[in-house]
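This is what each chain is made of:
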Amino acid sequence: MKPTVVSADVLFEEHRGTLKWEWVAGLGASERRFDEVAVRAARSGADLVGYLNYIHPYRVQILGEREVAYLSNATPEDCARRISRIVTLEPPVLVLTDGQQAPDALLSMCERAQIPMFATREPSAFVIDVLRAYLSKHFAERTSMHGVFMDILGLGVLITGESGLGKSELGLELISRGNGLVADDAVDLYRINHTTIEGRCPELLQNLLEVRGIGLLDIRAIFGETAVRRKMRLRLIVHLVRRETLEREYERLPYEPLTQDVLGVPVRKAVIQVVAGRNIAVLVEAAVRNTILQLRGVDTYQEFVERHRRAMEKGG
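Residues numbered from 1 in each chain as written. Predicted model: local features only at pLDDT ≥ 70, side-chain atom pairs only at ≥ 80, totals over all residues. Heavy atoms only, no water.

Novice: Help me understand the pattern of salt bridges, please; the structure alone is not making it clear to me.
Specialist: Once their charged atoms are close, side chains differing in charge can pair, the charge on each being opposite to the other. Going through the model one piece at a time under the given rule, you end up with eight salt bridges. Among the salt bridges present, the one from E162 reaches R242, with a minimum N-O distance of 2.8 Å. Taken together, the positions of E162 in the loop between β7 (155–161) and α8 (167–176) and R242 in the loop between β12 (231–241) and α10 (243–249) put the pair 80 residues apart, joining distant regions of the chain. Owing to a relative accessible area of 21%, E162 belongs among the partly exposed residues under this scheme. Here E285 makes a salt bridge to R177, at a shortest N to O gap of 2.9 Å. Of this pair, E285 sits in helix α11 (residues 280–295) while R177 sits in the loop between α8 and β8 (180–193); the two residues are 108 residues apart in sequence, bridging distant segments of the chain. (Salt bridge = Lys/Arg side-chain N within 4 Å of Asp/Glu carboxyl O. Helix = DSSP H or I, 4+ residues; strand = E, 2+ residues; numbered from the N terminus. Buried < 20%, exposed > 50% of the residue type's maximum accessible area, 1.4 Å probe, protein only.)

Novice: Whenever I open this one, the packing of aromatic side chains confuses me. Can you help?
Specialist: The geometry of an aromatic ring pair is captured by two quantities: the separation of the ring centres and the angle between the planes. This model, assessed by the stated rule, comprises five aromatic pairs. Where F12 meets W23, the ring centres are 5.3 Å apart and the plane angle is 55°; that geometry is what we call tilted. Here the residue F12 occupies a position in helix α1 (residues 8–14), and W23 occupies one in strand β1 (residues 22–25), the gap between them amounting to 11 residues. Comparing F12 with W23, the two get one shared label, buried. In this structure an aromatic cluster arises from ring pairing among F12, W21, W23 and F118. (Phe/Tyr/Trp six-rings, centres within 6.5 Å; stacked < 30°, edge-to-face > 60°.)

Novice: Would you mind showing me how to read the packing of helix α4 (residues 65–72) against helix α5 (residues 76–89) here?
Specialist: When two helices pack together, their arrangement is given by the angle between the helix axes and the distance between those axes. One can describe the packing of α4 onto α5 by two numbers: an axis separation of 7 Å at closest approach and a directional angle of 125°. The angle between α4 and α5 falls in the class oblique. Between α4 and α5, the residues in contact are Y70, L71 and S72 and C79, R82, I83 and I86, respectively. Looking at side-chain class alone, the contact of α4 with α5 contains five nonpolar, one polar and one charged residues. (Axes fitted to C-alpha atoms, helices over the stretch in contact; angles between N-to-C directions. Parallel < 35°, antiparallel > 145°, perpendicular 65-115°, else oblique. Contact = heavy atoms within 4.5 Å. Nonpolar A, V, L, I, M, F, W, Y, C, P; charged D, E, K, R; others polar.)

Novice: Hey, could you run me through the UniProt feature "active site" (unreviewed entry) in the protein chain in this one?
Specialist: According to UniProt, the "active site" (unreviewed entry) feature falls on H146, K167, D185 and R252. As for its position among the elements, H146 is in strand β6 (residues 141–152). Beyond its immediate sequence surroundings of up to four residues, H146 is in contact with T160, K167 and D185. A distance of 2.8 Å separates the side chain of H146 from the backbone oxygen of D185, its partner in a polar contact. (UniProt positions renumbered as here; feature names shortened; annotations may be inferred. Polar contact = N/O pair within 3.5 Å; in protein donor to acceptor, adjacent residues only side chain to side chain.)

Novice: Any chance you could explain the side chain of E198 here in plain terms?
Specialist: Looking at where E198 falls in the secondary structure, it is placed in strand β9 (residues 196–200). With residues near it in sequence (within four places) discarded, E198 still touches K137, D188, L189, Y190, I192, K231, M232 and R233.

Below you can see the structure in the form of C-alpha cells.
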C-alpha cells in the first residue's frame, strides 16, 4: 500500500487546534504537497521535518529565533540571497515558531514562489515533535493482513489461520471473556518506527465482527464501549492450523520462539492446532500469558532445558 499524500491545507487543519497557528503567506498554494520522491527517500516521516538546512531539501522548514535572525541580520544583498536560497530547498511548508515575525522579503518570496507559511507562538521543539509524530504515522510503511486483531490481556494479538477454522467465532468468545476487538477480517498494519507495528481497523469495518450463520455483529452496541479498541501494537500472531498442517510444518517444541516478518519487523508467533473439543480461547489466552512472560525475560523452555541438564549431571 502506498502512503497517502499530505497537502498544506490538510496539515494546517489537522494541527490548527494543537499548534494554534495562522496561515500568513502562500495561501494560494493550499494544494502544495510533499514531494513523493522525497517521501520515498526519507527513512521515516520524521525525516520530513527540520530546522532550516541547506543539506536536506523537501522538509517542512522550521524557522525559530535563530533562523529568522540568520535571514535578517546581514547586508541586504546577503539577506536576499539567503532567502532566495530557500526556494531551491523546495519545502512543502515553512513554519515560523516562537512568535517570530517574518521578514518582509521572506513573505514576498513565499507569495511569489507559492510556498505556504504558517506562524505559531509555540516553541520550535514542540512544533517539531508534533509534526514528526504526525508525519511518521502518515507516511509509515503499511500493509493489510487477513485475520482478527484483538487486545487480549493488554497485548495486541492477530489471529490468523486456514479458512473455515472459526477465527471470528474465536474472536467472539474472547470478547465475551473481557477482551477487546480491534478489527475483523482485514487489518491495516503500519510500521511506525523501526521496531513497532501498529494495527488499526479499516473505517468501513469498525466495531463489526462477522460470524457465519449469524451475520454482522456490532460489537460496540452489543458488548459496550470497552469491547472495542481503535488501535493496538502488534506483539503476537496466533496462527490456527489443522492437525495435518501442524505435524507437517511445525516442531512440537521449537527450540527458538517462532516469529513472522511483518513489514521488516519480526513478530512473535504461536501455532495452535484446532481440533473438535479443544477450548481454543483458553489456549490463546495461555499463549498470550506465555508471551508476556517471555517479553519479561522468562523463557519456560530454556528453564526446562537447564533443569534437564542439571538432572543429567546429577545422575551421571
